[in-house]
Amino acid sequence: MAFPLRMGKYAFLIKNVNCHKRRTSVVIRWHFSRQCMFVTSQTTAKDCVHPSVDLAPQITIISHTPADQLESRFVALKSKKAKSSANKVQHFVDYRKILVQGGDGGDGCISFLRRYRNPRAGPDGGDGGHGAHIIFKATSDRKSLEHIDSFIPGDSGVKGGNKNCTGANAPNTIIEVPLGTTFRLKGEIVASLEEADAMFVGARGGAGGKGNVFFTTDIDQAPKIAEYGGKGEQVSYEVELRTMADVGLIGFPNAGKSTLLRAISRARPKVAAYPFTTRNPHVGMVHYADYQQLAVADIPGLIEGAHKNRGLGIAFLRHIERCSCLLYVIDIAHPRPLEQLETLRYELEQYEKGLSNRPSIIVANKMDLPEAQNNFENFKSGVNLPTLGVSAKLGLSLTPLLASMRFLVDHNLEQKSEVLLY
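The structure reproduced in this document is the subject of the present report. These numbers were taken from a predicted model, which means no experiment stands behind them.

## Describing the overall build of the chain
And then number 1: A count of helical and extended segments in the chain gives 6 helices and 20 strands.
And then number 2: In the chain, buried positions account for 46% of the 422 residues.
And then number 3: The long-range fraction of contacts in the chain, counting pairs at least 24 apart against all pairs at least 6 apart in sequence, stands at 73%.
And then number 4: Carbon and sulfur atoms make up 51% of the accessible area of the chain, which amounts to about 22,600 Å² in all.

Encoded structure:
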């Protein structure tokens, strides 16, 4: 069979190649339509080196350990509360294009004081108040950008009054955003809120105008001029989440991703027997016995040519880019499940180099079907990634899957921490 290898990562010989500690006879050819090198041999995709290969033995041990013998951090809690019967479905939003406008400053006042027996007591026009700033604040209480409107105006300051009354300043508009939110201006990142309570001033409000008292001089004791309040800034940003979820479910349409998310969380994505049922990503939370939780995202189905914007296209490949770990959900009852896996990894790699090398597990779904048993053994022998057989519809073998997910995410966080230390 054929599988893609990147140039420069392996040492190619004329007749033999060293691949994953094995020496195999190969035939090298150039694929002109995909513009990449292919290696055709009797070996399978299991010979390709992947960062998750070394984790396979540990995941196998965890997946075969009885639930009552697992560590608490690997034990997923079952919700005792029934799911809502409401029809409202909340979609996860990880990208927004917004226009923010700071509040205008209040105008200054032109006024002259009149008193008893002193009708020309002098100017007494007060200054206008300042307009509101638009401030974005990072918080762990938010997980999505769905609450952010496309246009965010700030309040204007109050006009100045007579008797030297200064107009009130407008309160700043503070909008909470999830941790890891980035702001792009004309394609460049201008702010990234990575820590709790970090703030970014998206648009500044206008300054309040000066009243005629401000313009009083020795020469002009009764000025008849005042300032208009300043205009607030107007800026357009592209707001996106750097990390959308801990785990992303990716696969072909009708592979059972939405059914799997329903089975392991309280999320309620639409499920139907036709492709592209999921048009927007859904995120469900999986709770564990050590009071930690993982965010699992159901990504709309990908097809061959997705990196060329076919199907639901590049917009949903962008969602995968924001997932720390990946779960390849494969319809194991399909006649050629291995081709589905290779196509998925190829599309990820074409969209962004190294995306297919993120920590991942293969989930062979629909194990309850008769033709799935024979396919599973052949499929498992053709890959080297950790592979678990489940039935999302019947809820079979979900406990080992949830334990393996937690192990994969924890291991990924440990690797990132080591990189930061060095």
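From this point on, the discussion continues.
## Things to note about the sheet that holds strand β18 (residues 323–331)
Backbone hydrogen bonds hold the strands of a sheet together, and the pairing may be parallel or antiparallel.
And then number 1: Spatially, β16-β17-β15-β18-β19-β20 is the arrangement adopted by the 6 strands of the open sheet, whose pairing is mixed. The open sheet has two edge strands with one neighbour each: β16 (282–287) and β20 (387–389). Taken pair by pair, the neighbouring strands of this sheet meet at an average axis angle of 25°, ignoring direction.
And then number 2: Where strand β15 (residues 245–250) meets strand β17 (residues 293–298), 3 bridges bridge the pair, whose relative direction is parallel. Each bridged residue has a counterpart across the sheet, and for V247 the counterpart in β17 is V296.
And then number 3: Across the sheet, helix α2 (residues 257–264) is in contact with β15, β16, β17, β18 and β19 (360–365); its angle to β17 comes to roughly 155°.
And then number 4: Against the sheet, helix α4 (residues 337–351) touches β15, β18 and β19, its axis set at about 150° to β18.

## Describing the environment of I361
And then number 1: With respect to the helices, strands and loops of the structure, I361 is situated in strand β19.
And then number 2: Each C-alpha atom, one on I361 and one on P386, is 5.3 Å from the other, the two residues being 25 residues apart in sequence.
And then number 3: Among residues more than four places away in sequence, those in contact with I361 are I59, L326, L327, Y328, P386, L388, S404, M405 and L408.

## Things to note about the packing of aromatic side chains
And then number 1: Enumeration according to the criterion identifies 7 aromatic pairs in this entry.
And then number 2: On the basis of an interplanar angle of 80° and a centroid distance of 5.6 Å, the ring pair of F200 and Y237 is categorised as edge-to-face. Separated by 37 residues along the polypeptide, F200 in strand β13 (residues 199–203) and Y237 in strand β14 (residues 234–241) bring together distant segments of the chain.
And then number 3: Note on F200: relative accessible area 14%, which makes it buried.

## Remarks on the pairing of strand β7 (residues 118–123)
And then number 1: The sheet contact formed by strand β6 (residues 112–115) and β7 spans 3 bridges and is antiparallel. Within β7, the position partnered with L113 by the bridge is G122.
And then number 2: Linkage of β6 to β7, two consecutive antiparallel strands, is achieved through a turn of 2 residues, within which R117 is found at a positive phi near 65°.

## Points about the pairing of strand β5 (residues 95–101)
And then number 1: Sheet topology note: the β5/β14 ladder contains 7 bridges and is antiparallel. Looking across to β14, one finds that Y95 is bridged to E240.
And then number 2: Bridging between β5 and strand β9 (residues 151–153) involves 3 bridges; their strand directions are parallel. Bridge pairing links Q101 to P153 in β9.

## Observations concerning the nonpolar core
And then number 1: Core analysis: the largest hydrophobic core is formed by 49 residues, its most contacted members being V100, F136, I320, Y328 and L348.
And then number 2: Setting aside residues no more than four positions away along its own chain, L348 makes contact with I250, L302, L317, I320, L326, Y328, L355 and S356.
And then number 3: Counting residues in hydrophobic clusters, the runner-up holds 32 residues, among them L261, A267, V286 and V363.

## Quick notes on the environment of F74
And then number 1: Along the polypeptide, F74 turns up in the loop between α1 (56–64) and β5.
And then number 2: Put simply, F74 and Q292 are 218 residues apart on the chain and 10.0 Å apart in space, counted from C-alpha to C-alpha.

## What about α4?
And then number 1: Between its terminal C-alpha atoms α4 stretches 22 Å, which fits the 21 Å expected from 15 residues at 1.5 Å a residue.
And then number 2: Burial runs high along α4: 12 of the 15 residues are buried.
And then number 3: Turning to α4, its buried residues number three or more, namely P337, L338, Q340, L341, E342, T343, L344, R345, Y346, E347, L348 and E349.

## As for unusual backbone geometry
And then number 1: Here Y291, not a glycine, exhibits a phi torsion of approximately 70°, which is positive.
And then number 2: Inspection of the secondary structure assignment puts Y291 in the loop between β16 and β17.
And then number 3: On the basis of relative accessibility, which here comes to 77%, the residue Y291 falls in the exposed class.
And then number 4: Phi is positive for S397, close to 60°, though the residue is something other than glycine.
And then number 5: With respect to the helices and strands, the residue S397 is situated in the loop between β20 and α6 (398–421).
And then number 6: Note on S397: relative accessible area 40%, which makes it partly exposed.

## Some words on the environment of Q293
And then number 1: The residue Q293 is located in strand β17 in this model.
And then number 2: In this structure Q293 comes out as partly exposed when scored by relative accessible area, which is 34%.
And then number 3: Sequence separation between Q293 and R73 is 220 residues; the distance between their C-alpha atoms is 9.8 Å.
And then number 4: Apart from residues no more than four positions distant in its own chain, Q293 is found in contact with D246, M285, V286 and H287.
And then number 5: Within polar-contact distance, the side chain of Q293 engages the side chain of H287 at 3.4 Å.

What counts, and where the lines are drawn
- Residues numbered from 1 in each chain as written.
- Predicted model: local features only at pLDDT ≥ 70, side-chain atom pairs only at ≥ 80, totals over all residues.
- Heavy atoms only, no water.
- Helix = DSSP H or I, 4+ residues; strand = E, 2+ residues; numbered from the N terminus.
- Buried < 20%, exposed > 50% of the residue type's maximum accessible area, 1.4 Å probe, protein only.
- Contact = heavy atoms within 4.5 Å.
- Areas by Shrake-Rupley, 256 points an atom, 1.4 Å probe, with all protein chains shown as cover.
- Pairing = 2+ DSSP bridges.
- Axes fitted to C-alpha atoms, helices over the stretch in contact; angles between N-to-C directions.
- Phe/Tyr/Trp six-rings, centres within 6.5 Å; stacked < 30°, edge-to-face > 60°.
- Core = buried A, V, L, I, M, F, W, Y, C linked by side-chain atoms within 4.5 Å.
- Expected span 1.5 Å × (residues − 1).
- Polar contact = N/O pair within 3.5 Å; in protein donor to acceptor, adjacent residues only side chain to side chain.

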